[in-house]
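If you want the building blocks of each chain, they are given just below.
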Amino acid sequence: MKELLLIVFVMLTFGVWSQPGAHSHNDYEHEHPLFDALNCKFKSIEADVYSIGDSLFVAHDFDKIQSGRTLRQLYLEPLKEQIRKNNGSVYGDGHELILLIDIKDDSTRTYKLLHSILEEYKDLMSVFKNGEKIKGKIMPVVSGNRPFLFMKNQEVRYAGYDGRLNNLDSGIPATLMPVVSDNWNRYFKWDGTGTMPEAEKQKLYGLAGKAKEKGYLLRFWATPNRTQEQRTAVWKILSDAGVGLIGTDNLEELKDFFENR
């Protein structure tokens, strides 16, 4: 009992409660972008971006862009301060945070701008160089419109590539493609109601196992989300299967799910 209490004390004291696979989908739409997810100790945070001039604006649609809501202002500068306050990492536990950056417009133009912006914060970023990864405080991962060949041919990158399930057997190294994401509805019909059909369950376990074996973090978007019961059922099966990142718009709900497990 004393040993258990000591472990709990150490975990609470040093902040190692960050969720092993919680992903904040469209994080910028929450009341407090970034900070709501950080308060729930999420491992991964998503921001959609458009390039205008020398800035990347964060928004789901181009006509929703607002002055001041840039990647620098909403995410990079606050994360820099968070790392400064927390002994050199976002949560003070030494783990890197994934910043999933979804490019919504021209892939190469916007990625080049992203690269130059990330270079300004290179001391905080994981660096991919000569086929190897040097772990940093933040690991950006590029999703959406992704310039694969351009990224592949870079000698130095500050971001990984977000692959798709059809890339699982491609041989792309995890140092280039650390995350594999895809649409749940392309592969599964189960909507979180009742028991997942055995054939679909085995498919999910197989995909998750293959991704893990190759060093990729697996993520699905558009998982059933209509009711809390559906969400909980899907999160349970994803967690049991060993899916690397579990995404949600319901941050507190997923935080409670992980803590109760």
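Residues numbered from 1 in each chain as written. Predicted model: local features only at pLDDT ≥ 70, side-chain atom pairs only at ≥ 80, totals over all residues. Heavy atoms only, no water.

For the rest of this paragraph, the subject is the side chain of Gln-82. Note that Gln-82 resides in helix H3 (residues 71–85). Beyond its immediate sequence surroundings of up to four residues, Gln-82 is in contact with Phe-35, Leu-38, Ser-89 and Val-90. (Helix = DSSP H or I, 4+ residues; strand = E, 2+ residues; numbered from the N terminus. Contact = heavy atoms within 4.5 Å.)

Attention shifts here to unusual backbone geometry. Note: most peptide bonds trans; most residues except glycine with negative phi. Not every positive phi belongs to a glycine, and Leu-34 is a case in point at roughly 70 degrees. As for its position among the elements, Leu-34 is in the loop between strand S1 (22–24) and helix H2 (35–39). Residue classification places Leu-34 among the buried positions, given a relative accessible area of 0%. You will see that Ala-222, though not glycine, has its phi angle at about 60 degrees, which is positive. (Buried < 20%, exposed > 50% of the residue type's maximum accessible area, 1.4 Å probe, protein only.)

A few words now on the pattern of salt bridges. Taken as a whole and judged by the stated rule, the model has 15 salt bridges. Close ionic contact of Asp-63 with Lys-64 constitutes a salt bridge, the shortest N to O distance being 3.5 Å. Note on Asp-63: relative accessible area 62%, which makes it exposed. Overlapping salt bridges, with partners in common, bring together Glu-46, Asp-162, Arg-164 and Arg-219 in one network. (Salt bridge = Lys/Arg side-chain N within 4 Å of Asp/Glu carboxyl O.)

It is worth spelling out the sheet that holds strand S6 (residues 132–134) at this point. Pairing between the strands of a sheet comes from backbone hydrogen bonds, and it takes one of two forms, parallel or antiparallel. The three strands are arranged S6-S5-S8 in an open sheet whose pairing can be described as antiparallel. The open sheet has two edge strands, S6 and strand S8 (156–157), and neither has a second partner. Across two bridges, the pairing between strand S5 (residues 127–129) and S8 is antiparallel. For Phe-128, the partnering residue across the bridge sits in S8 and is Arg-157. (Pairing = 2+ DSSP bridges.)

Compared with the 20 Å implied by 1.5 Å per residue over 14 residues, the 20 Å span of helix H4 (residues 107–120) between its first and last C-alpha is a close match. Thr-110, Tyr-111, Leu-113, Leu-114, His-115, Ile-117 and Leu-118 are the residues of H4 that are buried. Put simply, Asp-106 is the residue that caps the front of H4, since its side-chain oxygen is 2.8 Å from the backbone nitrogen of Arg-109. (Expected span 1.5 Å × (residues − 1). Polar contact = N/O pair within 3.5 Å; in protein donor to acceptor, adjacent residues only side chain to side chain.)

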